[in-house]
Amino acid sequence: MNYQFQDWSLVELAVTHRSYIAEHPGSESNERLEFLGDSVVGLAVTDHTYEAYPDLPEGELAKLRASVVNTTSLANIARGIGLGELLRLGKGEASSGGREKESILADCFEAVIGAVFVDGEWDAARTCALALLGPTILESSVRPGGEDFKTRLQELTSQLDLPGPTYRLVASGPDHDRRFEAVALVAKEECGTGAGTSKKRAEQAAAEAAWNLLSERRPTT
């Protein structure tokens with residue numbers, strides 16, 4: 001993270017899930033730090049995008065922020081810096097795949113940023129958050145909201161006077177390591193397939209493939 005904590009107890013607190021507290025009375029969970037970090041991350045991204053993209057209207061800025069500050073995005077960052085391995089979980093949560101759960105990882109990421117804020121104040125927290133989220137911001141800025149291919153596919157089928165898309169989903173693997181495969185169907189035609197570690201990811205991937213296929217059929221003006 002390119003940050004040196006002065007108070008390392010904040011790190012321990014930031015990675016302590018509430019399930020750990022049930023088995024270790026007297027400990028404290030990361031929920032308060034997560035509450036703080038949620039606001040810090042949101043403000044850091046809002047502040048940066050406001051300054052970096054002066055031509056974007058409010059609505060597009062809101063879409064850009066939403067495409068960056070969401071559970072899936074934050075969980076991916078948490079995985080990338082190894083937060084899952086550091087999480088302190090209760091035995092039940094750990095055995096059920098808690099280290100890979102998007103909600104737990106995203107909350108832990110926000111708690112860590114909250115800890116940086118407490119330890120090093122705003123400038124340090126903003127720098128850390130943007131260093132980690134920068135690539136996602138850049139990718140999403142190409143077209144704010146562009147990652148939401150399910151919405152874009154819905155809009156495209158309407159433009160083409162086609163029925164709205166539906167999705168067929170198949171899950172495989174044990175509960176702690178589920179994989180999902182999705183097929184996007186438009187007018188009963190299989191237009192795209194996708195896979196992922198969650199239903200949302202699989203459906204988004206399938207929607208993107210379908211959108212690319214159907215875009216070629218969109219009339220040009």
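One can find the structure itself at the top, above this paragraph.
Structure report, in brief.

## Some words on the pairing of strand E3 (residues 189-196)
In the case of a regular strand, side chains alternate between the two sheet surfaces.
Here comes step 1: Note: strand E2 (residues 179-186) against E3, 7 bridges, orientation antiparallel. The partner of Ala182 across the bridge, within E3, is Gly194.

## Looking at the pattern of salt bridges
Oppositely charged side chains are able to pair whenever their charged atoms sit close together.
Here comes step 1: Under the definition given, this model contains 9 salt bridges.
Here comes step 2: Linking Arg126 and Asp47 is a salt bridge whose minimum nitrogen-to-oxygen distance equals 2.8 Å. In this pair, Arg126 sits in helix H8 (residues 102-141) while Asp47 sits in helix H3 (residues 31-52), placing the two residues 79 residues apart along the sequence.
Here comes step 3: Given the relative accessible area of 23%, Arg126 is considered partly exposed.
Here comes step 4: According to the relative accessible area criterion, Asp47 is partly exposed, its value standing at 27%.
Here comes step 5: Across the pair Arg168 and Glu190 runs a salt bridge, and its minimum N-O distance is 2.6 Å. Of the two residues, Arg168 sits in strand E1 (residues 166-172) while Glu190 sits in strand E3, which places them 22 residues apart along the sequence.

## Digging into helix H5 (residues 71-80)
Here comes step 1: The set of residues buried in H5 consists of Thr72, Ser73, Leu74, Ala75, Ile77 and Ala78.
Here comes step 2: On its buried side, H5 packs onto H3, helix H4 (58-68), helix H6 (83-86), H8 and helix H10 (199-215).
Here comes step 3: With a side-chain oxygen lying 3.2 Å from the backbone nitrogen of Thr72, the N-terminal cap of H5 falls on Asn70.

## Digging into the packing of H3 against H4
Here comes step 1: Viewed as axis vectors pointing N to C, H3 and H4 meet at an angle of 135°, and their least axial separation amounts to 10 Å. Classified by the interaxial angle, the pair formed by H3 and H4 is oblique. Viewed along their axes, H3 and H4 form a crossing whose handedness is right-handed. Contacts between H3 and H4 involve Gly42, Val45, Thr46, Thr49 and Tyr50 from the former and Leu61, Leu64, Arg65 and Val68 from the latter.
Here comes step 2: A per-class count over the contact of H3 with H4 returns 5 nonpolar, 3 polar and 1 charged.

## Things to note about the state of the cysteines
Here comes step 1: Per the stated rule, a full pass over the model turns up 0 disulfides.
Here comes step 2: Unpaired in this structure, Cys128 has its nearest cysteine sulfur neighbour in Cys108, at a distance of 14 Å.

## Details of the sheet that holds E3
Here comes step 1: In spatial order, the strands read E1-E2-E3; together these 3 strands make up an open sheet with antiparallel pairing. Looking along the sheet, the strands with just one partner apiece sit at the ends: E1 and E3. When the angles between neighbouring strand axes are averaged without regard to direction, this sheet yields 20°.
Here comes step 2: The sheet contact formed by E1 and E2 spans 7 bridges and is antiparallel. Counterpart to Leu169 in the pairing with E2 is Ala182.

## Here's the deal with H10
Here comes step 1: Helix length check: H10, at 17 residues, gives a terminal C-alpha distance of 24 Å against a target of 24 Å (1.5 Å per residue), a fit within 8%.
Here comes step 2: On the buried face of H10, the contacting elements are helix H9 (149-159), E1, E2 and E3.

Scoring rules and cut-offs
- Residues numbered from 1 in each chain as written.
- Predicted model: local features only at pLDDT ≥ 70, side-chain atom pairs only at ≥ 80, totals over all residues.
- Heavy atoms only, no water.
- Pairing = 2+ DSSP bridges.
- Helix = DSSP H or I, 4+ residues; strand = E, 2+ residues; numbered from the N terminus.
- Salt bridge = Lys/Arg side-chain N within 4 Å of Asp/Glu carboxyl O.
- Buried < 20%, exposed > 50% of the residue type's maximum accessible area, 1.4 Å probe, protein only.
- Contact = heavy atoms within 4.5 Å.
- Polar contact = N/O pair within 3.5 Å; in protein donor to acceptor, adjacent residues only side chain to side chain.
- Axes fitted to C-alpha atoms, helices over the stretch in contact; angles between N-to-C directions.
- Parallel < 35°, antiparallel > 145°, perpendicular 65-115°, else oblique.
- Left-handed = near helix turned anticlockwise from the far one by under 90°.
- Nonpolar A, V, L, I, M, F, W, Y, C, P; charged D, E, K, R; others polar.
- Disulfide = S-S within 2.5 Å.
- Expected span 1.5 Å × (residues − 1).

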